[in-house]
Number of protein chains: 2
Amino acid sequence: MSGDVRRQPAEKPSTPVVAPTSPAVPERMATMMDVAKLAGVSHQTVSRVLNDQAKVSPQTRTRVLDAMRQLDYQPNSAARALVTRRSKTLGLVTFDTTLFGPASMVYGIEQAARDAGYFVSIASIRTLSRRAVLDAIGQLRLQSVEGIVAIVPKDSAVVALSAVPPGIALVGVGVGGGADVPMVGVDNVVGAALATRHLLSLGHKTVHHISGPPGWPEARERATGWREALTAYAAPAPPVLVGDWSARSGYLAAQRLAGDPTVTAVFCANDQMALGALRALHEVGRRVPADVSVVGFDDVPEGPYLIPPLTTVQQDFAEVGRRSLALLMEQIATGARPHRQIHLTPQLKVRDSSARAVA
Amino acid sequence: MSGDVRRQPAEKPSTPVVAPTSPAVPERMATMMDVAKLAGVSHQTVSRVLNDQAKVSPQTRTRVLDAMRQLDYQPNSAARALVTRRSKTLGLVTFDTTLFGPASMVYGIEQAARDAGYFVSIASIRTLSRRAVLDAIGQLRLQSVEGIVAIVPKDSAVVALSAVPPGIALVGVGVGGGADVPMVGVDNVVGAALATRHLLSLGHKTVHHISGPPGWPEARERATGWREALTAYAAPAPPVLVGDWSARSGYLAAQRLAGDPTVTAVFCANDQMALGALRALHEVGRRVPADVSVVGFDDVPEGPYLIPPLTTVQQDFAEVGRRSLALLMEQIATGARPHRQIHLTPQLKVRDSSARAVA
DNA sequence: CTGTTAGCGCATTCAA
DNA sequence: TTGAATGCGCTAACAG
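This section reports on the structure supplied with the text. Just so you know, these numbers come straight off a predicted model, no measurement behind them.

### Here's the deal with the interface of chain A and chain B
Thought 1: Chain A puts 54 residues into the contact, and the matching count from chain B is 54 residues.
Thought 2: Buried surface at the junction of chain A and chain B, both sides included, amounts to about 5,100 Å², of which 56% is carbon and sulfur.
Thought 3: Our count for the contact surface shared by chain A and chain B stands at four salt bridges.
Thought 4: One salt bridge connects B:R126 with A:D115, and the closest N-O pair in it is separated by 3.4 Å.
Thought 5: Taken together, chain A and chain B are joined by 24 residue pairs in polar contact (both at pLDDT 80 or more).
Thought 6: Taken together, the elements giving at least two residues each to the side of chain A that touches chain B come down to helix 4 (77-84), helix 5 (100-115), strand 2 (119-125), helix 6 (130-142), helix 10 (247-258) and helix 11 (271-283) of chain A.
Thought 7: For the side of chain A that touches chain B, the leading source of residues is helix 5 of chain A, giving eight residues.
Thought 8: Among the residues making up the side of chain A that touches chain B, the classes are represented as 25 nonpolar, 17 polar and twelve charged.
Thought 9: Relative to strand 2 (residues 119-125) of chain B, strand 2 of chain A runs antiparallel, the two sharing three bridges.

Below is the structure:
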């Protein structure tokens, strides 16, 4: 055997051995062997105190622990992953983490994952195309993630999920009820109905809807909930104004509504669009809620400080994160991919932007 | 040698070999050896086509490539990392990715990292305490990340960065000029001065300031820029109202200003607080910008749709992300940790919330 | 251009 | 309770 000391370069022995820039800093991380040597045990024993917690005498354990500390020992995750075939990392595919919803979920998932002893590797995509999603998943698989949570709330992206080999644990978030992968999301139909009924019960003859863009399950489901509530109240369903989730689109859509004095209630598919709508209404002098009531969806932190404070539908994003993780863990544990769909019930937050219709 | 086929369990040969749930799905991923065998070459050659791109005849290469495809071969990252000592992953420590700023930077960094062929592993922390930061970094180190970007814009967290062993590449984002680690951030002093001078040049006698919370470098620097601009104009410096970045705190602070008719201009340390201030002003009937001008900082996407559209200081978060990554890459390449500080110059976005002071 | 031989650092049998 | 082998899948020297 070649002994135990760090190998010195055989050729060019004239070059100084110590690195010139960082004196006294060990170039190589300490290995389990180093710890073992220092503690006077075999590397096996070190491994045991690292994992088992058992079958090691208290004395040796402390000796080993000391040695670890002394060497600032960091277990090599690659080596461990290689032999255990478990990377202890999860993959997260997300779209535009700049938005409040996705960002909150990422946060929730990440927290839950770390609590469960998992690392999380993120792959944000620029577009929700099938290809982008598949690429991201490919990246994550390269990294040997044990499972993937995909926050890709668009049809084109959802279909990509179906193409993921069944061997890998997978959860879709906000991908709608139509997906054939395990999913968790808020019950958008219920949420939208909640908002619409609230408005209807306030005496409004009908409720107008500024929706999310086509091809987004959540947009579709919210429109459905809105329509169902209208039907339940036997109220006429005005044509939907299509937005794209942005404040700007809400603003533009509401401008078209603002001129019509019969419009007294508007349900927007998210808070950003509601914010834009508030602005459009304000511009033409229609007061909220005196003349028109507005309701949003999401409950962004700024909601209570808009002019006026926004009535909205609250989603528990953190809970969505936790549930996704639980669902993923279940798959990892069982090795199967059950066709489960978890729908969380949202809540209506009534604030000042909605009020009784003027008779 | 023990042959080449997948081992079958020696004991209990009666149990069916195929997994009951997922038929025809290979239990184990294909290895390089499998590919080699199928292609009729050595595993080394497979490795070569995987990395080198060179020294392989076109024919063998295509044969190997075919075999890979056929087997849906995924290189084992753990094995590769073990031998190359490079994980190809970066760590990201962030605080509250729900906020627009951090979220945008995470996005920017992640994109840049992937373009550079790196994976990114995220660790969000709940509090910006020294301990939380150190824990997160510890987690990331366990994962053998090659470098860490820490978005921890608070003093208590910044000091923790100094404690990180010099062996590991590290970049602080938005940690202020006082940090002794490489950092990148926007030039807050300049940005705040820009906003304040804008207001002053509009004829306002002075500018009030709603600041970020104590202990945040960015809050401090923005206050400094504001004060410097005031001094430059020989304007009196009113007492600072301290907020906590939230819309609520901006609202509360502005309420105290709103009653004072001499207040004609307010510079808020971020857009959320400005939003709250807008609301407070509106409540007491003070018109913006006719009576009071308001300027924010960050340029959130909703800014143009507030009532009124918000004048603000725009930061290029994506660029911050890119620069952080570049700085990190430089460290990884050189092995040194240069004491570099990169300050990006922000821009003033003038919209409707600021106007000439009434004479 | 291609194959052979060694480990990378660790966990998992086995023996002692 | 501990130590000695073996191999995870791959890349890095070497040969040929």
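Okay, back to it.
### Quick word on the relation of the copies chain A and chain B
Thought 1: Taken as rigid bodies, chain A and chain B are interconverted by a rotation of 180° and an axial shift of 0.0 Å, the fit giving an RMSD of 0.1 Å. Within this description, the copies of the chain are treated as partners about a two-fold rotation axis.
Thought 2: Most of the interface of chain A is mirrored in chain B: 98% of its interface residues are interface residues there too.

### Some details on the protein's contact with DNA strand D
Thought 1: Around DNA strand D sit 26 residues in total, of which A:Q44, A:T45, B:M32, B:Q44 and B:Y73 are the nearest.
Thought 2: For DNA strand D, the backbone portion of the atoms within 4 Å of the protein, that is sugar and phosphate, comes to 58%.
Thought 3: Within the contact set of DNA strand D, a phosphate oxygen lies 2.6 Å away from a side-chain nitrogen or oxygen of A:T45.
Thought 4: Those elements that place two or more of their residues in the surface near DNA strand D are helix 2 (43-50) and helix 4 of chain A together with helix 2 (43-50) and helix 4 (77-84) of chain B.
Thought 5: Residues of the surface near DNA strand D, tallied by class, amount to nine nonpolar, 13 polar and four charged.

About the thresholds
Per chain, residue numbering runs from 1 following the sequence as it is written. A letter from A marks each chain and a number from 1 marks each ligand, given out in the order of writing. Confidence filtering applies because this is a predicted model: local features only for residues at pLDDT of at least 70, side-chain atom pairs given and counted only at 80 or more, and all residues used for totals across whole chains, interfaces and linings. By convention in this description, side-chain values take in all heavy atoms of the structure and omit both hydrogens and water. Contacts are assigned to residue pairs with any non-hydrogen atoms lying within 4.5 Å of each other. Defined here as a combined quantity, buried area equals the accessible surface (1.4 Å probe) lost by two parts on assembly, summed across both. Any carboxyl oxygen of Asp or Glu within 4 Å of a side-chain nitrogen of Lys or Arg constitutes a salt bridge here. We call two N or O atoms a polar contact when they sit within 3.5 Å, provided that within protein one can donate a hydrogen and the other can accept it, with sequence-adjacent residues counted only if both atoms are side-chain atoms. Only runs of H or I of at least four residues qualify as helices and only runs of E of at least two qualify as strands under DSSP, and these elements are numbered from the N terminus. Basically, the charged four are Asp, Glu, Lys and Arg, the nonpolar ten are Ala, Val, Leu, Ile, Met, Phe, Trp, Tyr, Cys and Pro, and anything else, Gly included, counts as polar. We treat two strands as partners when DSSP finds at least two bridges between them. A least-squares superposition brings the copies together, and it is based on the C-alpha atoms of residues with pLDDT no lower than 70 in both. Whether a residue is near a molecule or strand depends on its heavy atoms: it is near if one of them lies within 4 Å of it.

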